[in-house]
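# Chain and residue survey
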Amino acid sequence: MKPQSQPTDFLNPSSATVDAAPELPSPALKIRDVRTIITAPEGCNLIVVKIDTDEPELSGLGCATFCYRHHAVRSMIDDHLKPLLVGRDARQIEEIFQLMRLNAYWRNGPVINNALSGIDMALWDIKAKEAGMPLFQLLGGQCRVGATVYRHADGRDLSEIKENVQKFIDEGVSHIRVQSQGYGGSKSSRPPRPGLPPGVYYDPQAYRRSALHALESVREHFGQDIELLHDVHERLPAAEAVRFAKETEPFRLFFLEDLLSIEHQDWFANVRQVSATPLAMGELFTHPREWTPLIVNRQIDFIRMHISDIGGLTPARKAAILAEQFGVRTAWHGPPDQSPIGHAVNLHLDLVSPNFGIQEFSGFGANTREVFPGCPVLHQGILTPSNRPGIGVGLDEKAAARFPPVEAVTDWTQSRLPDGSLNPP
Ligand code: CO
C-alpha cells in the first residue's frame with residue numbers, strides 16, 4: 001500500500017502533495033501449468049481445463065466441452081495455448097482472453113472458442129478462489145435466490161408426454177419444454193425407403209402437425225398455471241417457420257426456440273411483424289456479430305448461447321449486459337453435453353443478471369456427480385450453486401479416469417428429409 005497522501009486543495013494547487021511513484025500493481029500470480037482432462041461419465045465427452053499457479057493449492061477449472069470434436073479442442077489447448085500462457089499472470093483475465101483470441105490471427109469457431117473458454121473459466125475460478133468468495137459474489141452479488149429452470153418433457157405419444165409433464169410438475173418445476181418425439185426425427189437409422197442413405201429421417205410437415213397437437217393438448221390438460229416452451233431445432237423452412245410462430249400463439253408459450261436456422265436469422269424481422277410469440281435463439285452462435293443485431297434490433301426475447309462455445313464467461317458477461325440494455329433476457333444453453341463446471345458458470349451469471357429469464361437444465365447423473373463434486377443442486381425447480389469459493393465445482397481426477405472418452409462417429413446430426421437430403425440436425 002502507498003502512504004496516504006494529503007487531500008488536494010483545488011483552489012490552491014500548490015498545496016498538493018506530490019507522490020514519489022504511482023502504486024504498482026500487485027505481483028503476478030504465474031500460470032505454472034495448463035492441462036486438459038477428458039471424461040465421459042454418462043457417455044458424452046466432457047472437456048475440462050485445469051490451470052495450476054505458482055501458488056501451491058491455488059488452481060482453477062474451466063469447461064471446454066465440444067463433445068463431438070474433443071481431440072481438436074485438446075490439441076488447441078495443449079499444443080497451442082499452453083505454450084502461449086505458461087508464465088503469464090493468471091490475474092489478467094481480460095488481457096489473456098484478448099491474447100488468446102487474437103494470437104492465431106484467424107479467430108473464432110467452436111473449437112477455438114471452447115479452448116478459450118476452458119482457460120477463461122479456470123482463470124475466473126482462480127480469481128474468485130483468491131478472493132475467497134463464490135464467483136457470483138465477485139460478479140456483483142446475487143439478485144435472486146436461485147435460477148428457475150425449465151425441464152424437457154418428451155414422449156412418443158400424447159399420453160407419454162403428459163405423464164412426463166406431470167412428473168416435472170410434481171417435482172415443483174414451473175417451466176416445461178414440450179416436444180413430440182424429440183424434434184420430430186425418427187431415432188431409427190433405417191431409411192424410410194430402400195436405396196436411401198442411413199440417417200435420422202424427419203418430415204417437416206409431420207413434425208409441425210405433431211408439435212402443434214402436443215402443445216394444444218398439454219395446454220388444455222394442464223391449464224394456464226404452467227409455462228410451456230418448445231424447441232423447433234431448425235426443423236422448418238423459413239416461410240413455414242413464420243407461419244408456425246403464428247400458429248403457436250394460442251398456447252401462450254414462454255418462448256419458442258431456434259425457430260430459424262442460424263443461416264436464416266434475417267427472417268426474424270418477418271416473424272416479429274406477424275407474431276407475438278416470444279423468441280429464443282443462439283445456442284449455435286459463436287461470434288458477437290451473430291447475436292448483436294438480434295439484440296439491438298429487438299428481434300428476439302432470449303439469448304441462448306452455449307457459454308463455452310462463445311469463448312467463456314468473459315464474452316458471456318458482455319452479451320448479458322448488452323442484452324439487458326435492450327430488454328432481452330438470458331436463457332443460457334444447458335444441455336447434457338456440457339460439464340457441471342459449465343452449468344455452474346451459467347448459474348453464477350443467472351444469479352447476478354437482472355435480465356435473467358430462465359435456465360435450461362438437464363440434471364446430473366450419479367457418475368457425473370461423483371466425478372464433479374460440488375454440482376449445482378435443483379430443488380423445487382430452483383437451481384443453486386455450492387457455496388464454495390470460485391465456480392464451486394471440483395474434479396475428482398481418479399474418478400474421471402474411470403470414464404475414458406468415447407470415440408465414435410457422430411450420427412444424431414445426420415438428419416435427412418424424406419427424399420434423403422441432409423438438413424440441419
Ligand atoms: Co435447443
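Residues numbered from 1 in each chain as written. Predicted model: local features only at pLDDT ≥ 70, side-chain atom pairs only at ≥ 80, totals over all residues. Heavy atoms only, no water.

## A word on the confidence of the model for the protein
Per-residue pLDDT for the protein has a mean of 93; in total, 93% of the residues score no lower than 70. Confidence drops under pLDDT 50 across residues 1-8; counting only partners more than four residues distant or on other chains, this segment forms six contacts. (pLDDT = per-residue confidence, 0-100. Contact = heavy atoms within 4.5 Å.)

## What to know about the environment of Ala 245
Position of Ala 245 relative to the elements: it lies in helix α7 (residues 238-247). Expressed as a C-alpha distance, the spacing of Ala 245 and Ala 276, which sit 31 residues apart in the sequence, is 8.1 Å. Here Ala 245 is in contact with Leu 256, Leu 259, Val 271, Ser 275 and Thr 277, once residues within four sequence places are set aside. (Helix = DSSP H or I, 4+ residues; strand = E, 2+ residues; numbered from the N terminus.)

## A short note on the pattern of salt bridges
One pass over the structure, following the stated rule, counts 16 salt bridges. Across the pair Arg 252 and Glu 227 runs a salt bridge, and its minimum N-O distance is 3.7 Å. In this pair, Arg 252 sits in the loop between α7 and β8 (255-257) while Glu 227 sits in strand β7 (residues 227-231), placing the two residues 25 residues apart along the sequence. On the accessibility criterion, Glu 227 (22% relative accessible area) is partly exposed. Put simply, Glu 257 and Arg 304 hold a salt bridge, and the shortest N to O gap is 3.1 Å. (Salt bridge = Lys/Arg side-chain N within 4 Å of Asp/Glu carboxyl O. Buried < 20%, exposed > 50% of the residue type's maximum accessible area, 1.4 Å probe, protein only.)

## Points about unusual backbone geometry
A positive phi angle, close to 50°, is found at Gln 181, a residue other than glycine. If you trace the backbone, Gln 181 turns up in the loop between β5 (175-178) and β6 (200-201). Not every positive phi belongs to a glycine, and Asp 258 is a case in point at roughly 45°. Of the residues examined, Asp 258 reaches a relative accessible area of 4% and is grouped as buried.

## Looking at the packing of aromatic side chains
Enumeration according to the criterion identifies eight aromatic pairs in this entry. With a centroid separation of 5.7 Å and an interplanar angle of 90°, the aromatic rings of Tyr 150 and Phe 255 are classed as edge-to-face. Taken as a pair, Tyr 150 in strand β4 (residues 147-153) and Phe 255 in strand β8 lie far apart in primary sequence, 105 residues in all. Here the two residues Tyr 150 and Phe 255 agree in accessibility, since each one is buried. In this structure an aromatic cluster arises from ring pairing among Tyr 150, Phe 254, Phe 255 and Phe 302. (Phe/Tyr/Trp six-rings, centres within 6.5 Å; stacked < 30°, edge-to-face > 60°.)

## What to know about the packing of helix α1 (residues 70-85) against helix α2 (residues 93-102)
One way to put it is that α1 packs onto α2 with a least axis distance of 11 Å and a crossing angle of 140°. It follows that α1 is oblique to α2 by the angle criterion. Once α1 is placed against α2, the crossing between them reads as right-handed. When α1 is examined against α2, the residues Leu 81, Leu 84 and Leu 85 are found in contact with a partner set consisting of Ile 96, Leu 99 and Met 100. Looking at the contact of α1 with α2, its residues break down into six nonpolar, no polar and no charged. (Axes fitted to C-alpha atoms, helices over the stretch in contact; angles between N-to-C directions. Parallel < 35°, antiparallel > 145°, perpendicular 65-115°, else oblique. Left-handed = near helix turned anticlockwise from the far one by under 90°. Nonpolar A, V, L, I, M, F, W, Y, C, P; charged D, E, K, R; others polar.)

## Notes on the nonpolar core
Counting 110 residues, the largest nonpolar core has Ile 119 and Leu 259 as its most contacted members. No other element matches helix α3 (residues 110-131), which puts nine residues into this core. Those residues in contact with Ile 119 that lie beyond four places of it in its chain are Val 34, Val 49, Ile 51, Ile 77, Leu 81, Leu 85, Ile 96 and Met 100. Core analysis: the next-biggest nonpolar cluster, separate from the first, contains eight residues, Leu 229, Phe 255, Ala 331 and Ile 358 among them. (Core = buried A, V, L, I, M, F, W, Y, C linked by side-chain atoms within 4.5 Å.)

## With respect to the side chain of Arg 304
Its location among the elements puts Arg 304 in the loop between β10 (302-303) and α10 (313-325). Among the polar contacts made by the side chain of Arg 304, one reaches the side chain of Tyr 150 at a distance of 3.1 Å. In this view, Arg 304 contacts Tyr 150, Phe 255, Glu 257, Ala 280, Met 281, Gly 282, Glu 283, Ala 331, Trp 332, His 333 and Glu 360; residues no more than four positions away in its chain are not counted. (Polar contact = N/O pair within 3.5 Å; in protein donor to acceptor, adjacent residues only side chain to side chain.)

## As for the sheet that holds strand β1 (residues 31-39)
Across the sheet, which stays open at both edges, the three strands sit in the order β1-β2-β3 with antiparallel pairing between neighbours. Since the sheet does not close on itself, it has two edges, and those belong to β1 and β3 (59-63), each with one partner. Across the sheet, the mean angle separating the axes of adjacent strands is 20° when strand polarity is ignored. Docked against the sheet, α3 engages β1, β2 (46-53) and β3, running at close to 140° with respect to β3. Lying over the sheet, helix α11 (residues 340-352) contacts β2 and β3, oriented at roughly 90° with respect to β3. (Pairing = 2+ DSSP bridges.)

## Quick word on the packing of helix α5 (residues 158-170) against helix α6 (residues 204-222)
Orientation of α5 relative to α6, taken along the N-to-C sense of each, is 50°, at an axis distance of 10 Å. As far as their axial angle goes, α6 and α5 are oblique. At the point where α5 passes α6, the crossing takes the right-handed sense. Along the contact surface, α5 presents Leu 158, Ile 161, Lys 162, Val 165, Gln 166 and Ile 169, while α6 presents His 213, Ala 214, Ser 217, Val 218, His 221 and Phe 222.

## Points about the state of the cysteines
Taken as a whole and assessed by the stated rule, the structure comprises zero disulfides. Take Cys 44: it sits in no disulfide, and the sulfur closest to it among the cysteines is that of Cys 67, at 3.0 Å. (Disulfide = S-S within 2.5 Å.)

## Concerning α5
Given a rise of 1.5 Å per residue, 13 residues ought to cover 18 Å, and the 18 Å separating the end C-alpha atoms of α5 matches this to within 8%. Here the buried face of α5 lies against β4, β5 and α6. (Expected span 1.5 Å × (residues − 1).)

## A few points about the pairing of β1
Most of β1 sits inside the fold, with seven of its nine residues counted as buried. Pairing of β1 with β2, which is carried by eight bridges, proceeds in the antiparallel orientation. Each bridged residue has a counterpart across the sheet, and for Thr 36 the counterpart in β2 is Val 49. Once β1 ends, the chain turns through six residues before running back antiparallel as β2, passing Gly 43 with a positive phi of about 90°.

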